[in-house]
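Below, each chain spelled out in residue letters.
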Amino acid sequence: MSATPSYGGNPNGPSGALPGNDHKASPSFFFAQDADYLRHFLSSKRQSVHEELDKAVYLREPKIIHEAMRYALLTDGKYCAPILCIAACELVGGTQETAMASACALEMIHAASIIQDDCMDDGEVRRGRPAIHKVYGEAMAILAADALIALAFEHIASASRGVHPATVVRVIAELAKASGSEGMAAGQVVHLATTGQSDISLDQLEFIHNHKTGALLEASVKIGAIIGGGSDEAIRTLQKYARCVGLLNQIVDDILDATESSEELGKMAGKDAADGKIRFPDVMGLQRCRQFAEELNQGAKQHLLGFHADNA
């Protein structure tokens, strides 16, 4: 990192404080954060995204497919991808308003991937309620996923505000790459190909989840930083941060899947193992998984140290 960061499109950042060493984030800054503030931040961003998604996918003819799209999209999920997009945009000096269209598009892609995943695995429950194909049938679920993918790109193109047209094109390209045959689809393909195999290496497992899960999270922060006017260095650093977060998210999910009940998870516990899909605890053991998760957590924080503390 350079001594004086120039990560943001706005050198003063949203807070108006001048960047410099005394304003950089530090390890003590992260550990001192108030959990109530974090909960409020996540809740506020989630509510904003939910409201925009509600407006973007309104009921119209044919009602059945729009009902199915809304069922998949308007859930009590965490909305990690859109929140990361908005946070990255604000981190480099942008605003929630300019990032919102892309943030919503990211959640549309995520919802579509969940539909596909549940259809392929014949999942029964998702987020504490029946999976979409159990409610609307597999054919309508697949059509809803197709429609959500198409709508994601339409929404970026038509609903982005205050974003230069060239930036809109770049964002669309980034999202397409992340969700295509070199991104999420690649992870899913290898996951399917290795189902039932017991000799999967850690490198193979990381490839699966760096693509199947991590690609969208990495695209989320990259897209947010691009919209916010972040420098190339800032974008690269945030991608490294997201790579840590994406893998961390999957490892924690696997730990919970191996140790919690279906009621606690809001989905069927142990289904991946029952279907012959290898999880991180199967390769590393639970203790090493927890250690690895903490290493990724600390690594993610380290990647934010060069940014303005108020924003990080």
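Note that the structure is predicted; figures quoted are calculated from it, not measured.

Undergrad: Pulling in residues and values, what's your account of the overall build of the protein?
TA: A count of helical and extended segments in the protein gives 16 helices and two strands. When the accessible surface of the protein is summed, it comes to about 14,400 Å², and 53% of that surface belongs to carbon and sulfur atoms.

Undergrad: Explain the confidence of the model for the protein residue by residue, including any values.
TA: When pLDDT is averaged across the protein, the result is 87; 85% of the residues are at 70 or more. Scored below 50 in pLDDT, residues 1–23 shows 51 contacts in the model against residues more than four places distant or in partner chains. Taken together, the stretch residues 26–32 has pLDDT below 50 and engages in 12 contacts with residues farther than four places along the chain or on a different chain.

Undergrad: Go over the packing of aromatic side chains, please, and point to the residues and values.
TA: Taken as a whole, this structure holds one aromatic pair when the rule is applied. Measuring from centroid to centroid gives 5.7 Å for Y71 and Y136, while their planes differ by 70 degrees, and the two rings are edge-to-face. Pair noted here: Y71 is in helix 3 (residues 63–73) and Y136 is in helix 6 (residues 132–136), with a separation of 65 residues, a long-range link. Using a relative accessible area of 24% as the deciding quantity, one classes Y136 as partly exposed. In this structure, R46 packs its charged tip against the face of Y79, placed 4.7 Å from the ring centre. Just above the ring of Y71 sits the side chain of R129; from NZ or CZ to the centre is 3.8 Å.

Cut-offs and rules
- Residues numbered from 1 in each chain as written.
- Predicted model: local features only at pLDDT ≥ 70, side-chain atom pairs only at ≥ 80, totals over all residues.
- Heavy atoms only, no water.
- Helix = DSSP H or I, 4+ residues; strand = E, 2+ residues; numbered from the N terminus.
- Areas by Shrake-Rupley, 256 points an atom, 1.4 Å probe, with all protein chains shown as cover.
- pLDDT = per-residue confidence, 0-100.
- Contact = heavy atoms within 4.5 Å.
- Phe/Tyr/Trp six-rings, centres within 6.5 Å; stacked < 30°, edge-to-face > 60°.
- Buried < 20%, exposed > 50% of the residue type's maximum accessible area, 1.4 Å probe, protein only.
- Lys NZ or Arg CZ within 6 Å of the ring centre and 35° of its normal.

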